[in-house]
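Inside the fold
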Amino acid sequence: MKFNVELKRVVDDSYDIEISGALQDKCVGDIENGLFGSVRRIAVVTDSNVLDLYAEGIRARLENAGFEAKLFTIPAGEESKTREMKEFVEDSMLAAGFRRDCAVLAVGGGVVTDLAGFVAGTYGRGVPFANYATTLLAAADASVGGKTAVDTPLATNLIGIFNQPKKVYIDIDAWKTLPIEQVASGLSETIKHGCLGDLELFEYLEKNVDKIFAGDRAACEYIAEHNCAVKYKVVMLDERESGLRETLNLGHTVGRAIETLSGYRLLHGEAVAIGMAAQVRLGNKLGYISQENMQRVIDLYKAARLPVGIPDYINRAELVKKLYTDKKVRNGKLRFVFQKEIGEVMQFGENVYAKPIAEEEIAAVLDEM
Ligand SMILES: NC(=O)c1ccc[n+]([C@@H]2O[C@H](COP(=O)([O-])OP(=O)(O)OC[C@H]3O[C@@H](n4cnc5c(N)ncnc54)[C@H](O)[C@@H]3O)[C@@H](O)[C@H]2O)c1
């Protein structure tokens, strides 16, 4: 006897990304208007820094609007993006009586949106969630695209699920309270987006990068919109990372490895900046980017107050070994994504954007850095 369980699904996971300043009222208004259907209990997941700055205000507004809204707060920092912290949030939600009739609102940076989106995906086998992004990095990258995950001691972001939010709020006013190094960290992914798919964004940043540090409204809106446009274009065409989406991984092969080896002394964006410098150096050797454009990329990272060399405390041999934990590794071979000059990526076949690279080739570049 054999049953065929036919489960073909047509899913509409479309959602809006709203970019503006101070979106707290808009967010609560959307929830009142049914963003989460008939759900009345909202778990506001945040971190210890964002709690008083933005999350409590949103929770209070939700309560005033008649919702049962509770805060679930993790300690700020990448160290909190763990299975243990996911368990802590889940257990706290269970203890507070939250069941399947709830929704999750992530208020914070990429650590919070990654963790809360993962919690939402498994809590009660899945409850709706939305992201209220308060960092430039979350706006540029983490809060958009549906990838959620936690880190483990052996690798970053390898344990997680694809889970699309109901909506993403990008509050550019929230960038005003960000420490300078966090603005720089977010700019790192923004420059990456320019490198891989938006020459205009890259050239805009070459001229205006200081305006972002000064909190210039028009400049912040410009980069928020361009970031979303690049990410949207790539993610829409390849939600599940079968090929094209790997291009968003530009600079991340070396970047992730350095981030982990630094014991998170380096911020994500700082590590990615070093990874991008490695990628253009190797790309230049392989003929994918001219010397002049390679230098423009390195110079823009420097102008964005980001590192482009490997810190002395990182052991080069260990770094090369760590590269093999990259998710693009296939059959034990390192694979790299490369930009093609500025504003495009190299394609190595139909839907193939990552190229196998011999260990000695990348090791030689890392030695120079
Ligand atoms: N899911 C994805 O597609 C994706 C993409 C890129 C990065 N990420 C992940 O994103 C994370 C990094 O994101 P992040 O840089 O936003 O980290 P983060 O969430 O740790 O935020 C950075 C710091 O800024 C603080 N903060 C947040 N908003 C603030 C504000 N408005 N004012 C003052 N302080 C504020 C936080 O408390 C934290 O200390 C990494 O874990 C990375 O793996 C995910």
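The present account deals with the structure reproduced in this document. The residue numbering used here restarts from 1 in each chain and proceeds along that chain's sequence as written. Predicted model: local features are reported for residues with pLDDT of at least 70 only, side-chain atom pairs are reported and counted for 80 or more only, and whole-chain, interface and lining totals are derived from all residues. Note: side-chain values were computed over all heavy atoms of the structure, leaving out hydrogens and water.

**Points about the overall build of the protein chain**
For the record, the criterion: Per the convention used, a helix needs a DSSP run of H or I reaching at least four residues, while a strand needs a run of E reaching at least two, with both numbered from the N terminus. The atom set for the radius of gyration is the C-alpha atoms, and the globule formula is 2.2 Å times the number of residues raised to the power 0.38. Surface accessibility in these figures is a Shrake-Rupley result with a 1.4 Å probe; residues are shielded only by whichever protein chains are displayed. Charged-residue counts in this description rest on Lys and Arg as positive and Asp and Glu as negative, His and the chain ends being excluded. Charge coordinates come from a single atom per side chain, which is NZ of Lys, CZ of Arg, CG of Asp or CD of Glu.
Along the protein chain, the regular secondary structure elements total 13 helices and 12 strands. In terms of overall size, the protein chain behaves like a compact globule, its C-alpha atoms giving a radius of gyration of 21 Å where 369 residues would be expected to give roughly 21 Å. Taken over the C-alpha atoms alone, the protein chain extends approximately 65 × 60 × 35 Å along its principal axes. When the accessible area of the protein chain is evaluated, it comes to approximately 16,100 Å², of which 49% is carbon and sulfur surface. When the 44 basic and 54 acidic side-chain charges of the protein chain are each reduced to a single mean position, those positions are 4 Å apart.

**A short note on the packing of helix α6 (residues 180-197) against helix α11 (residues 291-303)**
Counted only if it meets this: Between the N-to-C directions of two axes lies an angle of 0 to 180 degrees, each axis being a line fitted to C-alpha atoms and, for a helix, fitted only over the stretch in contact. Each angle receives one of four descriptions, namely roughly parallel if under 35 degrees, roughly antiparallel if over 145, roughly perpendicular if within 65 to 115, and oblique otherwise. By definition, turning the near helix anticlockwise from the far helix through less than a right angle yields a left-handed crossing, and turning it clockwise yields a right-handed one. Note on contacts: a residue pair is in contact if any heavy atoms of the two residues lie within 4.5 Å.
Where α6 meets α11, the axes come as close as 10 Å, and the angle between the chain directions of the two elements is 160 degrees. In terms of orientation, α6 lies roughly antiparallel with respect to α11. When you trace α6 past α11, the crossing you get is right-handed. Counting all contacts with α6, which are made through Ser188, Ile191, Lys192 and Cys195, the residues of α11 involved are Val297, Leu300 and Tyr301.

**Some thoughts on the packing of aromatic side chains**
What counts, and what does not: Ring pairs shown here join Phe, Tyr and Trp side chains whose ring centres sit within 6.5 Å, with only the six-membered ring taken for Trp; geometry is labelled stacked below 30 degrees between planes, edge-to-face above 60, and tilted in between. Only protein chains enter the accessibility calculation, which uses a 1.4 Å probe; a residue whose area is less than 20% of its type maximum is buried, one above 50% is exposed, and one in between is partly exposed.
With the rule as written, the count across this model stands at 6 aromatic pairs. Look at Phe72 and Phe98: their rings are 5.6 Å apart centre to centre, the planes differ by 85 degrees, and that puts the pair in the edge-to-face class. One end of the pair, Phe72, is in strand β3 (residues 68-74); the other, Phe98, is in the loop between α3 (83-95) and β4 (102-108), with 26 residues separating them in the sequence. As far as the burial class goes, Phe72 and Phe98 line up, both buried. Members of the aromatic cluster, each reached through a chain of ring pairs, are Tyr288, Phe336, Phe338 and Phe348.

**A closer look at the pairing of β4**
As a reminder of what qualifies: In this description, strands pair whenever DSSP reports at least two bridges between them.
With 7 of its 7 residues buried, β4 lies for the most part within the structure. Residues of β4 alternate between two faces, with Cys102, Val104, Ala106 and Gly108 on one and Ala103, Leu105 and Val107 on the opposite face, all of them buried. Where strand β2 (residues 41-47) and β4 come together, 5 bridges link them in parallel fashion. Following the sheet pairing, Ala43 is matched in β4 by Val104. With 5 bridges joining them, β4 and strand β5 (residues 129-133) adopt parallel strand pairing.

**Quick look at the site of the ligand**
Note the cut-off: If a single non-hydrogen atom of a residue is within 4 Å of a molecule or strand, that residue counts as near it. In protein, a polar contact requires one atom able to donate a hydrogen and another able to accept it; more generally it is a pair of N or O atoms within 3.5 Å, and residues adjacent in sequence count only if both atoms are side-chain atoms. Residues are grouped as follows: Ala, Val, Leu, Ile, Met, Phe, Trp, Tyr, Cys and Pro are nonpolar; Asp, Glu, Lys and Arg are charged; every other residue, Gly included, is polar.
Every one of the 26 residues lining the ligand counts as a neighbour, but Asp47, Glu78, Gly110, Thr135 and Thr177 are closest to it. In this structure, an oxygen atom belonging to the ligand sits 3.1 Å away from a side-chain N or O atom of Asn157. When the ligand is considered free in solution it has 860 Å² of accessible area, and contact with the protein chains removes 92% of it. Of all the elements in the fold, those that place two or more residues in the shell around the ligand are α2 (50-64), α4 (110-122) and α5 (136-142). Each residue belonging to the shell around the ligand can be placed in one class, and the counts come to 9 nonpolar, 9 polar and 8 charged.

**A short note on helix α7 (residues 199-213)**
Which entries qualify depends on this criterion: By this rule the span expected of a helix is its residue count minus one, scaled by 1.5 Å. Bend at a given residue is defined as the angle between two axes, one fitted to the seven residues that end at that position and one fitted to the seven that begin there.
A rise of 1.5 Å per residue sets the reference length of α7, with its 15 residues, at 21 Å; its end C-alpha atoms lie 21 Å apart and thus fit the reference within 8%. At Lys207, α7 is bent by approximately 70 degrees, the largest bend along its length. Residues of α7 that are buried: Leu201, Phe202, Tyr204, Leu205, Asn208, Val209, Ile212 and Phe213. Against the buried residues of α7 lie α5, α6, α8 (217-237) and α11. Gly215, located one to two residues past α7, shows a positive phi value of around 75 degrees.

**Concerning the pattern of salt bridges**
Operational definition: Every case where a carboxyl oxygen of Asp or Glu lies within 4 Å of a side-chain nitrogen of Lys or Arg is listed as a salt bridge.
A complete count under the given rule lists 28 salt bridges for this structure. Of the charged contacts, one joins Asp25 and Arg61 as a salt bridge, the two residues approaching to 2.6 Å between their closest N and O atoms. Highlighted residues: Asp25 in helix α1 (residues 24-32) and Arg61 in helix α2, separated in sequence by 36 residues. Residue Arg41 pairs with Glu68 through a salt bridge whose shortest N-O separation is 2.8 Å.

**Focus: the nonpolar core**
What counts here: In this description, a nonpolar core means a group of buried Ala, Val, Leu, Ile, Met, Phe, Trp, Tyr and Cys residues linked to one another through side-chain atoms lying within 4.5 Å.
Grouped together as the largest cluster of nonpolar side chains are 79 residues, with contacts concentrated most on Ile170, Trp175, Leu187, Ile223, Ile362 and Leu366. In this structure Leu366 touches Val254, Ala278, Ile310, Arg316, Leu319, Val320 and Leu323, once residues within four positions along its chain are discounted. Leu23, Tyr54, Ile58 and Tyr132 belong to the second-largest nonpolar core, a separate cluster that totals 23 residues.

**Some points on α4**
Between its first and last C-alpha, α4 extends 18 Å over 13 residues, near the 18 Å set by a 1.5 Å rise per residue. In terms of burial, α4 is largely enclosed, as 12 of its 13 residues are buried. Taken as a whole, α4 has its buried residues at Gly110, Val111, Val112, Thr113, Asp114, Leu115, Ala116, Gly117, Phe118, Val119, Ala120 and Gly121. Note on α4: the residue one or two positions beyond its end, Gly124, has a positive phi of about 55 degrees.

**Let's talk about empty space enclosed by the protein**
Heads up, the condition is: Cavity: a set of points on a 1 Å grid over the protein atoms alone where a 1.4 Å probe fits but cannot get out. Pocket: an open set with protein on both sides within 12 Å along at least five of seven lines, its lining residues, like those of a cavity, having an atom within 4 Å of a point. Grid points are joined across faces, edges and corners, and a volume is the space filled by probe spheres set on the points.
Within this structure, the stated rule accounts for 2 cavities of 30 Å³ or more. Lining the largest cavity are 14 residues, with Thr156, Arg256, Thr325, Asp326 and Lys327 sitting closest to its centre. Secondary structure elements with two or more residues in the lining of the largest cavity: β7 (155-162) and α9 (252-261). There is about 40 Å³ of room inside the second largest cavity. Residue lining of the second largest cavity: Thr113, Phe129, Asn131, Ala142, Ser143, Val144, Gly146, Lys147, Thr148, Asn163 and Pro165, and that is the complete set. Where the lining of the second largest cavity is concerned, the elements lending two or more residues are β5 and β6 (147-152). Grouping the constituent residues of the lining of the second largest cavity by class yields 4 nonpolar, 6 polar and 1 charged.

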